[in-house]
Structures are given as C-alpha cells and as structure tokens.
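Architecture and fold: a report
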Amino acid sequence: MIEKNYTITSEAGIHARPATVIVGALTNFKSDVTIEYKGRQANLKSIMGVMALGIPNRATIKITANGEDETSVIEKIDEVMSKEGLIS
Amino acid sequence: MSITIEGIAASPGICIAKAFRLQHQEYQIVKKSLTNTEEEIERFEKMIEKSKAELEALKLETSKKLGEDKAAIFASHILILSDPEFIQAIKEKVATEQVNAEFALDEIAAMFISMFENMENEYMRERAADIRDVTKRLLGHLLGVEMINPSTISEEVVIIAKDLTPSDTAQLNRQYVKGFTTEIGGRTSHSAIMARSMEIPAVVGTKNVLSQIENNMLVIVDGNDGKVILNPTDDEVKQYKVKKAAYEKQQVEWAKLKNEKTITIDGHQVELGGNIGTPQDVQGVLNFGGEAIGLYRTEFLYMGREQLPTEEEQYHAYKAVLESMENKPVVVRTLDIGGDKELPYLDLPKEMNPFLGFRAIRLCLEMQEMFRTQLRGLLRASVFGNLKIMFPMIATLDEFRQAKSILLEEKEKLQKDGIEVSDNIEIGIMVEIPSTAVMADLFAKEVDFFSIGTNDLIQYTLAVDRMNERVSYLYQPYNPAILRLIKNIIDKAHHNGKWVGMCGEMAGDEIAIPILLGLGLDEFSMSATSILKARSQISRISRSEMIAVAEKVLNMDTAEEVKDYIETILK
C-alpha cells in the first residue's frame, strides 16, 4: 500500500475537467485507489465520488493506492496532476 | 390523405424529405420483481456498453465539428457510466432486492442527483444535469425506447419537434437535416434564427404537428409560404418539386447580384450587411454578397461552456472575423446576456422580469472585470480590420458615457503597454429601448452611429412578450408607432451627420424595406440568406417614391393598414 499527500494549487480546485482526466487515467489500473479530503474518503475511480468531495484550491489531500500496480498508479497520478496544473 | 398545416415562415426554401420526430420522451419506470438477476445484470452491462459506444461516437463527432472543448462534456458522461460506485450500487440493488435494472438505476441515480443538487456550489449543482442526461440515455436503452439523438441522423430528414433547444441544434448534421418545423416559436425564436444561419427551410408555430405525424412519413416544408404538408399526394409532391426548382432558379438569379452594389433605380445607395454569431458565420455572409457585418453577437463566445472566455480567446475570435471581412465594416455588439440568454456559471439570481432586468450593458457596467476583458480583446483585434463597437440595451445617456469611458480607459492602458490599437474605431449604440429612441437627438451628438434593434424595440414599445403566444399579435413591426420612432432615430442621426443601421429582423423584411428606404436608413443588416433577395428588391424600387410612401404610412392608423398598402404597391 502506498500513501501520498498532495496540496492543490489550482485556482478552481479539482473541478470537472481535471477530475475527468484523473479518473479517466485510472481506468486500466487494477489497484484500489482512494482519495481523502477533510476526513471524507472517495474511490478515485469514481468520477461522482471525486466531484462530490468538492476539493478546493489549497486543499491537502491524501491518495492511497493498494494493489499489484500501486507504484505505477501513483506515478500516473503525479503525472496527470502536474499536467493538469493541480499541483506545482 | 395529405394534411396541410399553416405556420410561420421562419427560414426560406422548400424541402421534401422523411419526417424525423425529435421528441424527448417521458419514461414510465415500473418496479418488477425478478428471479434471474444474473441475466438482468448482464442486460444492464450490455446497455451500458451500448450507451458508451454512442457517447464515444458523439464525442468524436463533436470534437471534429465544434472542437475539443465542447466534446469534453461527453467524456465526463462516459466516466459516469464507468463509475464503479454508481454502477456497482445499481447491480447490488438488482441482485439483493431482485428488481429490474431500470428501477434500480432510477433509484440510485435519483440519490446521486439529489446529492449533487444539494451542494453549496452552483457549479456542483449543475453536475446533477449531467447525471440526469446520462441516466436518461441508459434508461432509454433499457426500456427499449428509441433514443432521440439528432447527431446520429444519417439520412435526409425533416426534423419535427415541439421546440429545438440550443443543444439540439448544435448536434444537427447539416448534411442530412434538410429542414424543420417546430410546434412553438416565432420568426425570432432560437430555432428560427438557427435555421436561417444553417440555410435550411423552416416553418415554426405549427401547433400539434407532432400528434399528426409519424417517423418516415413524407413531409414538405415550404419555408417561403409557411406551410407544412404531411403525407403529400403525388400531385403535391410534383407541384412542390416545380416550386422548389423555381425557387432554386431564383436563387441563381439573386446570386448574380452577389458582387453588385445595392442601389435603387434612382441611384440611392445603401449598405447590406449580415448578422453573425460566430467567426464561422462570416463565410455565409460573404457568399451571399454581404457588404458588412452589421451585428456580431458576441454572447455565443460565452455560451455552452463552464467559465468566461479569456481575453486571448476573444481576441482570436474578433481578429478572425475582422481579417476575413478584409476591411469591410464589422459592428461588434458587446456582451448581451440576460433576458432569455443565461450563463449558468455567472450564478445570477432568477428574476421575475428578466427582459426588464439585470442584462446586457447593465450587467457589464456592474461586472466590470468581465466587460473590460471583452473590450481589451476587441481593442487588440482592432488593428486587423474596420471595427465598430456597439453597446446593447442603452437606456440612458449616462450608461453610454460610462461604457465609453471604460472603453477609452482600456484603450489608454493598452497603448501605455505598447500595444497597438486602431484610432478609427467608431463607437455606437443599439437603439432598442423607447427612451433612447425618443432621446435620439441628444444621443446623436455623442455616438458615432445607431443600430436599431427592432426585436426588442417592438417588444418594449408595445409592451409585448414576443414568446407569449396569447399576446404575440401585438408584436407589430409595421405599427405606425414603431415607424415613427424609427423616423425620429434616423432624422436626428442624419441631422448630426451620423449613420443609422438596423440589425433586427425587420431589416430583411420585404414589407419593411421600402418604408425603411424611404425613411433614409443607411445600413440594413440581416440573416445572410436574406441579403440577395433584399438587394434585388431594392434595385427595383425608387428612393424618391419610397419617401412619399413612408410619409403616407407614418400617418396610417394601424399596422394592418400599413401592411396592406405596401403589399399593393409591391405587386
């Protein structure tokens, strides 16, 4: 299991567009991935779950990946988040 | 047996094709108890795949037609159908409660929809609409109801609908949609305007047409006379083929006027322009011999998206229009939002009387950052052509002065930053509020030009909601009150050496043109498809005779009297 914390630095937070890109990027990974914000958890493969967290700018989030491809999952998330300008 | 339905001629031309009913159905969801839940889940999965495949196709097509930006919505729809929390919950409900998939989907979706609808943030609440949309698609498949999706049409059809929403029309394929008719709407409704810009025949206001027609029934749409013929006889088809050919021949005749000037038989010249909504519409105006863009409705840049367009985006759009017009005049109207045109992301409160409320210039003077962004985009683009800027919904001199000073401030700032701005930008206003029409003498001293917006001017002068069918008879362009206001505007402008255009529907109207010519209108801006017809009409009449005609109609009692009189002289 891998855990990693991120601080969001994008004006609009994780809104529909970047959420779509992150969730879409995880489709083919086998690991369970969760995202946690302010004590609430959601499945990072669930677009509605992620959106429902309503993660704003400057939020600190924790992402947990658990499964055979957990390392590449986190790498992918790093890549997508910086590409979408969510983290700096 | 054929049936003829009379409606309002909304877009010229004639088409004969099969009917396609575009009707968004209400579904009936019935709870059923099942024993074989595995089979039900399998069926559910199949329908998800089917819906996803459709959405993939839609995404690809939209991205090609309207750009990646507009296609993104379908990517998020696909993800909703892949959402494990959502889909798993439905499957579990089917398995444990032994119910049908439709019922489970409906219940679970309702839960998610209400969760999003109850969120604080307006933007999040909007997402409920996405879930509703996707759910509807999937439910349609589960229920075996034919999905009505205009973008999947792949043969020549006539669209038959109650009304067409902007998202419906965005998905229409011009190659296959030969015409349409809608039960509600008038000449100025969204669907009518779309039909004219797509250059396909349309008849609107054909009440009850849906109840009398089935898919694949042959239909004739006569957008010239405002008639729709359902199930025509062989004779009628033959007769309309002749009419269609004659109309097309006339189009060819008109096309010869494409590169001509617009001059009456006694040598009076006027300018004919086109109204556009996007840079892509410019080509249509040039194809039909437009000498100017008399109205560029910039609100389309702001619609159908999730946030305000940036200065850069706007700059590129304005530059594209100015460049393709090659120094011909381009009158750009600054953001005219509010009324029936909403921008969900601005999160403005609902109003009791949106047409009398917080809209257009009122909104821009309040939300200045947004307004200034647009003005900077315009000013930066001004060096690429002949730009004229026009403010909408001006009711008082003070509003014009404020808007103008903001414009000049932005110009100065840009110039300080070393950015080049044209020094010949004319600044004008839309005259669409009676107070401004009455005060035209004072406005004319300060503006560079007027453009008369007749749709709103008529609405505000006769106090008539043009969308309300019960009072729509009061929407009277030929009412002498309107004509007198127009005369006042033109006279006062000319007295001060300023020019006057008209960008409302009236400018392209066969009955109004002779009167407007007599009153001295300088520029007529209309749908691209009306330009050549108007040029042909103007080239056959005499300005000096029309001065007398205008004089006469100004003193008539009623709109009907005016109309009847003009019809007799047109014969």
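Bear in mind that the values here come from a model prediction, so they are computed numbers and not experimental data.

Moving on, we come to the overall build of chain B. The number of helices and strands found in chain B is 21 helices and 17 strands. In chain B, which comprises 571 residues, the proportion classed as buried is 43%.

Tallying secondary structure elements over chain A gives three helices and four strands in all. Going residue by residue from the N terminus, the α and β elements of chain A occur as β-α-β-β-α-β-α. For chain A, buried positions account for 33% of its 88 residues. Taking as baseline every contact in chain A between residues at least 6 positions apart, the subset at least 24 positions apart corresponds to 71%.

Residue and element names in this part refer to chain A. Pairing in this open sheet of four strands is antiparallel, and the strands run β1-β4-β2-β3 from one edge to the other. Strands with a single pairing partner mark the edges of an open sheet, and in this sheet they are β1 (2–7) and β3 (40–43). The average undirected angle you get between the axes of adjacent strands in this sheet is 25°. Of the pairings in the sheet, the one linking strand β2 (residues 32–37) to β3 comprises four bridges and is antiparallel in character. Its bridge partner lying in β3, glutamate 36 is registered against glutamine 41.

Residues and elements named next belong to chain B. Within the secondary structure layout, phenylalanine 443 lies in helix α15 (residues 440–446). Since 24 C-beta atoms lie within 10 Å of it, phenylalanine 443 is described here as buried. Those residues in contact with phenylalanine 443, other than ones at most four positions away along the chain, are Leu397, Phe400, Ile429 and Thr436.

This paragraph deals with the environment of B:Ile29. Residue and element names in this part refer to chain B. Here isoleucine 29 lies in the loop between β3 (14–22) and α1 (37–66). Residue isoleucine 29 is classed as partly exposed on the basis of its 15 C-beta neighbours within 10 Å. When the C-alpha positions of isoleucine 29 and aspartate 106 are compared, they lie 7.7 Å apart, and in sequence the two are 77 residues distant. What isoleucine 29 contacts, discounting residues up to four positions off in sequence, is Glu102, Phe103 and Asp106.

Let us look at helix α17 (residues 480–495) of chain B. An α-helix turns once per 3.6 residues; consequently, residues spaced three or four apart project the same way. Residues and elements named next belong to chain B. Given a rise of 1.5 Å per residue, 16 residues ought to cover 22 Å, and the 22 Å separating the end C-alpha atoms of α17 matches this to within 8%. Burial in α17 covers these residues: Ile482, Leu483, Leu485, Ile486, Lys487, Ile489, Ile490, Lys492 and Ala493. Taken from the residues just after α17, glycine 497 is the one with a positive phi, measuring 70°.

Glancing now at the sheet that holds β3(B). All names here are of chain B. Read across the open sheet, the eight strands follow the order β1-β8-β7-β3-β4-β5-β6-β2; overall the sheet is mixed. Looking at strand neighbours, the two that pair on one side only are β1 (3–6) and β2 (8–11), the edges of this open sheet. With direction set aside, neighbouring strand axes in the sheet form an average angle of 30°. Bridge count for strand β5 (residues 177–182) against strand β6 (residues 202–204) is three bridges, and the pairing is parallel. Across the sheet, the residue bridging to phenylalanine 180 is alanine 202, located in β6. The strands touched by helix α8 (residues 234–255) are β3, β7 (218–222) and β8 (227–230); relative to β3, the strand with the most contacts, the crossing angle is about 115°.

Residue and element names in this part refer to chain B. Here helix α3 (residues 84–97) crosses helix α4 (residues 101–117) at 135°, and the two axes come no closer than 9 Å. Taken as axis vectors, α3 and α4 run oblique relative to one another. Classified by chirality, the crossing of α4 by α3 is right-handed. On α4, the residues that touch Phe86, Ala89, Ile90, Lys93 and Val94 of α3 are Ala101, Ala104, Leu105, Glu107, Ile108 and Phe112. Residue composition of the contact of α3 with α4, grouped by class: nine nonpolar, no polar and two charged.

Moving on, we get to the interface of chain A and chain B. Between chain A and chain B, the residue contacts involve 16 residues of the former and 17 residues of the latter. The residue makeup of the side of chain A that touches chain B, split by class, is six nonpolar, eight polar and two charged.

By size, the foremost hydrophobic cluster in this structure holds 93 residues, and its most contacted members are B:Ile293, B:Ile429 and B:Ile489. Counting residues per element, this core draws most heavily on α17(B), which supplies seven residues. Residues within four places of B:Ile293 in sequence aside, it is in contact with B:Gly273, B:Gly274, B:Ile276, B:Val282, B:Val285, B:Val321, B:Met325, B:Val330 and B:Val331. Ranked by size, the runner-up nonpolar core spans 47 residues in total, among them A:Ile35, B:Phe74, B:Ala104 and B:Phe112.

Our focus in this paragraph is the environment of B:Gly453. Residues and elements named next belong to chain B. Of note, glycine 453 is situated in the loop between β15 (449–452) and α16 (454–461). Separated by 52 residues in sequence, glycine 453 and glutamate 505 have C-alpha atoms that sit 8.3 Å apart. When neighbours within four sequence positions are excluded, glycine 453 is seen to be in contact with Met430, Val431, Glu432, Cys503 and Gly504.

Parameters at a glance
Residues numbered from 1 in each chain as written. Chains lettered and ligands numbered in written order. Predicted model: local features only at pLDDT ≥ 70, side-chain atom pairs only at ≥ 80, totals over all residues. Helix = DSSP H or I, 4+ residues; strand = E, 2+ residues; numbered from the N terminus. Buried ≥ 20, exposed ≤ 12 C-beta atoms within 10 Å, placed from the backbone. Contact = placed C-beta atoms within 7 Å. Pairing = 2+ DSSP bridges. Axes fitted to C-alpha atoms, helices over the stretch in contact; angles between N-to-C directions. Expected span 1.5 Å × (residues − 1). Parallel < 35°, antiparallel > 145°, perpendicular 65-115°, else oblique. Left-handed = near helix turned anticlockwise from the far one by under 90°. Nonpolar A, V, L, I, M, F, W, Y, C, P; charged D, E, K, R; others polar. Core = buried A, V, L, I, M, F, W, Y, C linked by C-beta atoms within 7 Å.

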